[in-house]
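Geometric and topological summary
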Amino acid sequence: MADVAAGDDEAFRALTEVLYGPALGTAMKVLGSRAEAEDAVQTALVKLWRTAERFDPAKAKVETWFRRIVVNCCIDRKRSLKPVDPIDEAFDLESDEPGPEAETAGLMRDKRVGDAVMKLPARQRAAITLFYGDGATMNEIAEALETTPKAVEGLLARARAELAKMLEGLREEL
């Protein structure tokens, strides 16, 4: 990071190679769209380049610090997006080829859960995605969301309660 802060292009390229994949995964889970996630990660990388001198290795690891930047960019991006009515996409069409019933049921369940997660407020969605999707600890999530671990517990509790309401029928189907 010291080399990046000093303007070393090669150090920045090397750091980007390490950080890009995990950041894209997190951003996709928060935003629900690869294109939006790629834009958010690019914005986060620009912020990393411009603010590299602010990094304090005594406070956090580079990965944790960058994850916070990515989550903030995702939340900012989500807030700026205007909701639109969904358009039926070609991938939603049923295949003529019969597939295993269990796989289909699983895919439908996953889609319903994913849709429900996308309806959560941005901070709750980010917390639940980091906790369950990335396996982040309460402290890491708190740092990424610039809040306290106790506040993260509240975000997760509210997210779980909201998801339970939205997915009530799914429990009966299982």
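Fair warning: this is a prediction, and the values are worked out from it, not measured in the lab.

Topic: the overall build of the chain
Across its full length, the chain carries nine helices and zero strands. In the chain, the succession of α and β elements from N to C terminus is α-α-α-α-α-α-α-α-α. Per-residue burial for the chain yields a buried fraction of 33% across its 174 residues. Taking all contacts inside the chain whose residues are at least 6 apart in sequence as the whole, residues at least 24 apart take part in 67%. On the chain, roughly 11,100 Å² of surface is accessible, and the fraction owed to carbon and sulfur atoms is 53%.

Some remarks on the packing of helix α6 (residues 122-133) against helix α7 (residues 138-145)
Following both chains from N to C, one finds α6 and α7 inclined at 145°, their axes separated by 10 Å at the closest point. Viewed along their axes, α6 and α7 form a crossing whose handedness is right-handed. Seen from α6, the contacting residues are Arg 123, Ala 126, Ala 127, Leu 130 and Phe 131; seen from α7, they are Met 138, Ile 141, Ala 144 and Leu 145. Residues that form the contact of α6 with α7 fall into these classes: eight nonpolar, no polar and one charged.

A closer look at α6
Of all the residues in α6, the buried ones are Ala 122, Gln 124, Arg 125, Ala 126, Ala 127, Ile 128, Thr 129 and Leu 130. One or two positions beyond α6, positive phi appears at Gly 135, with a value near 70°.

Reading guide: rules and limits
- Residues numbered from 1 in each chain as written.
- Predicted model: local features only at pLDDT ≥ 70, side-chain atom pairs only at ≥ 80, totals over all residues.
- Heavy atoms only, no water.
- Helix = DSSP H or I, 4+ residues; strand = E, 2+ residues; numbered from the N terminus.
- Buried < 20%, exposed > 50% of the residue type's maximum accessible area, 1.4 Å probe, protein only.
- Contact = heavy atoms within 4.5 Å.
- Areas by Shrake-Rupley, 256 points an atom, 1.4 Å probe, with all protein chains shown as cover.
- Axes fitted to C-alpha atoms, helices over the stretch in contact; angles between N-to-C directions.
- Left-handed = near helix turned anticlockwise from the far one by under 90°.
- Nonpolar A, V, L, I, M, F, W, Y, C, P; charged D, E, K, R; others polar.

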